[in-house]
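# Structure at a glance
These are the residues of each chain, in order.
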Amino acid sequence: MAVAVEKQEPVQQLLKQGAEGKLYIGTYKGNRCLVKERFEKKYRHPALDRQLTRQRIKAEQKAFQRCAAAGLSTPALYGVDLEQRKIYMEYLERSRTAKEFIDELTATTQADALSESAQLKQLSKQIGHMVGVLHRNNLVHGDLTTSNMLLDPVEKGAEESVFPYRLVTIDFGLSHFSDNHENKGVDLYVLERAILSAHSQLPGLFGMILEAYREHNTNHCKETIAKYEEVRARGRKRTMVG
């Protein structure tokens, strides 16, 4: 069931616009928040567009709820407005994407020291843990990239002294609930391709993530890895054939 939303003040600042919607800084009950708006697709029949948009917003809302139940960090979901096609969520002002963090790390660390970076190892463990828990709970993200992962600063404790961040998963616009091993395998393949594309200087990064993934996905992990390898082989064959 959708969360009821009171009438909101106009959105204020456009942060990003993609193929599926816009991301704003706006307000929710007088508090600063992030607003995701799925705009109308003019090429679709209006009734079909409205139906698909409502389904996807509800699916995204459920993904937030399932992540919370599984103990994963996401921005807090404040509410949704199906009529206005909007999702209201927590705005993590101090966070940055995992991609930005890795880019900065690679720019300031010598190449031969990157593979031994304690920060990179901790980040890999957190990403592997997150994806493993998603799949253990039969949640397929659909768009796993380091741009869809935020690093939110936390108070430094003994365990956080090297890597004082919590990993926050965002953008569940393509997420869905599935116990299909191939769907999860495709999720892993999408992540691998995204990492190889965005972080080509770190060829071992995905392997470190996969190691942590195996530890935390206790729901038919071997079958999922086997499907991932099948999908990967098909992808390589398409690349070679052209």
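Residues numbered from 1 in each chain as written. Predicted model: local features only at pLDDT ≥ 70, side-chain atom pairs only at ≥ 80, totals over all residues. Heavy atoms only, no water.

## Some words on the sheet that holds strand β5 (residues 86-89)
Backbone-to-backbone hydrogen bonds join strands into a sheet, with any given pair of strands oriented parallel or antiparallel. Using the following cut-off: Pairing between strands is defined by DSSP: at least two bridges between them are needed. Under the DSSP-based scheme used, a helix requires at least four consecutive residues in state H or I and a strand at least two consecutive residues in state E, with every element numbered from the N terminus. Working convention: axes come from line fits to C-alpha atoms, limited for helices to the stretch in contact. Angles between N-to-C directions cover 0 to 180 degrees.
If you walk across this open sheet you meet the 5 strands as β1-β2-β3-β5-β4, and the pairing is antiparallel. The open sheet has two edge strands, β1 (13-17) and β4 (77-81), and neither has a second partner. For this sheet the average axis-to-axis angle between neighbouring strands, irrespective of direction, equals 30 degrees. When β4 meets β5, the two strands line up antiparallel, connected through 4 bridges. Opposite Asp81, over in β5, you have Lys86 as the bridge partner.

## Regarding the domain arrangement of the protein
Rule in force here: By convention here, the domain bounds are inherited from an automatic or database domain assignment. Any two residues whose heavy atoms approach within 4.5 Å are treated as being in contact. Throughout, the accessible surface (probe 1.4 Å) given up by two parts as they are put together, summed over both, is called the buried area. A carboxyl oxygen of Asp or Glu within 4 Å of a side-chain nitrogen of Lys or Arg is what we treat as a salt bridge. Definition of a polar contact: a pair of N or O atoms within 3.5 Å, with one able to donate and the other able to accept a hydrogen when the atoms are protein atoms, and with sequence-neighbouring residues admitted only if both atoms are side-chain atoms. The nonpolar class holds Ala, Val, Leu, Ile, Met, Phe, Trp, Tyr, Cys and Pro. Asp, Glu, Lys and Arg form the charged class, and all remaining residues, Gly among them, are polar.
Split into domains, the protein comes out as domain 1 (13-90) and domain 2 (96-239). The gap between the C-alpha centroids of domain 1 and domain 2 is 24 Å. Contacts between domain 1 and domain 2 engage 13 residues on the former and 16 residues on the latter. Of the roughly 1200 Å² buried at the junction of domain 1 and domain 2 (both faces included), carbon and sulfur atoms supply 65%. Three residues, Arg66, Leu72 and Ser73, lead the burial of domain 1 against domain 2; their summed loss comes to 39% of the area buried on that side. Counting across the interface, domain 1 meets domain 2 through 1 salt bridge. Linking domain 1 with domain 2 are 4 residue pairs in polar contact (both at pLDDT 80 or more), by the criterion used here. When grouped by side-chain class, the residues that make up the side of domain 1 that touches domain 2 number 7 nonpolar, 2 polar and 4 charged.

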